[in-house]
Amino acid sequence: PCYLPAEQEVARVHAGDLFLAKRCAEGDTQALARFDSELLSLVSVAGRKLKMSDMQCDELRQQVRLKLLVASDKESAPKIANYAGSGALRSWVYATGLRTGLNELRRVGRSLCPCLVAPIKSVRRNLRATRRSSFGSKAACTEPMPPSPS
């Protein structure tokens, strides 16, 4: 892993997004309203990129909202509590929408309209390239790991 001085690490954190995510995980109604008004529309953008209809985009938004803001059981926190602030919350929500949309298209059936096959492959390639470029930049860091305290 690449370790940076504390000031640089703190500067990289999206503090406002992290605060919003924390408040959403706690069920704060103002934070949830802000999430709905500012971020859920990105899920529709992801759905349209996958050539989903308006109705499918509405369903996708509901799925992502449930996935991120509602705990799966009484002992766990909502998934949004896993957001660490290392990237923009907007990007995190958009990527969740894309992945959920792709999974939904796969679940619906392998009998996809041929017009959807090329866009899905394109989205997969773009996601892979983004992953490679973000991991590549971390791998380029050559700072050694600090010794563990004895």
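What you are looking at is a predicted structure, and each value in this text was computed from that prediction instead of being measured. (Residues numbered from 1 in each chain as written. Predicted model: local features only at pLDDT ≥ 70, side-chain atom pairs only at ≥ 80, totals over all residues. Heavy atoms only, no water.)

## Here's the deal with helix α4 (residues 40-49)
Among the residues of α4, Leu40, Leu42, Val43, Ser44, Ala46 and Gly47 are the ones counted as buried. Packed against the buried residues of α4 are α3 (29-38), α5 (54-69) and α6 (89-108). Positive backbone phi, approximately 65°, marks Lys51, located one or two places after α4. (Buried < 20%, exposed > 50% of the residue type's maximum accessible area, 1.4 Å probe, protein only. Helix = DSSP H or I, 4+ residues; strand = E, 2+ residues; numbered from the N terminus. Contact = heavy atoms within 4.5 Å.)

## A closer look at the pattern of salt bridges
Under the counting rule described, the total for this entry stands at 7 salt bridges. Notably, a salt bridge pairs Glu26 with Lys22, separated by 2.4 Å at the nearest N-O pair. For Glu26, a relative accessible area of 47% translates into the label partly exposed. On the basis of relative accessibility, which here comes to 46%, the residue Lys22 falls in the partly exposed class. Across the pair Glu38 and Arg34 runs a salt bridge, and its minimum N-O distance is 3.2 Å. Of this pair, Glu38 and Arg34 both sit in helix α3, 4 residues apart, which is roughly one turn of the helix. The exposure class assigned to Arg34 is partly exposed, which follows from its relative accessible area of 41%. Overlapping salt bridges, with partners in common, bring together Lys22, Arg23, Glu26 and Asp28 in one network. (Salt bridge = Lys/Arg side-chain N within 4 Å of Asp/Glu carboxyl O.)

## Some words on the nonpolar core
Counting 27 residues, the largest nonpolar core has Cys24, Phe35, Leu39, Leu50, Leu69 and Val93 as its most contacted members. Contributions of two or more residues to this core are made by α2 (15-25), α3, α4, α5, α6 and α7 (114-139). (Core = buried A, V, L, I, M, F, W, Y, C linked by side-chain atoms within 4.5 Å.)

## Section: the environment of Ile80
Inspection of the secondary structure assignment puts Ile80 in the loop between α5 and α6. A residue is classified by how much of its surface remains accessible, and Ile80, at 0% relative accessible area, is buried. The spacing of Ile80 and Ala25 is 55 residues in sequence and 6.1 Å in space, taken between C-alpha atoms. The contact partners of Ile80, leaving out residues within four places of it in the chain, are Ala21, Cys24, Ala25, Phe35, Leu68, Leu69 and Trp92.

## Details of the packing of α3 against α5
A pair of packed helices is characterised by two quantities: the angle between their axes and the separation of those axes. Two numbers describe how α3 lies on α5: the axes approach to 12 Å, and their chain directions differ by 145°. Crossing hand, α3 versus α5: right-handed. In this structure, α3 contributes Leu32, Phe35 and Asp36 to the contact, and α5 contributes Arg65, Leu68 and Leu69. Residue composition of the contact of α3 with α5, grouped by class: 4 nonpolar, no polar and 2 charged. (Axes fitted to C-alpha atoms, helices over the stretch in contact; angles between N-to-C directions. Left-handed = near helix turned anticlockwise from the far one by under 90°. Nonpolar A, V, L, I, M, F, W, Y, C, P; charged D, E, K, R; others polar.)

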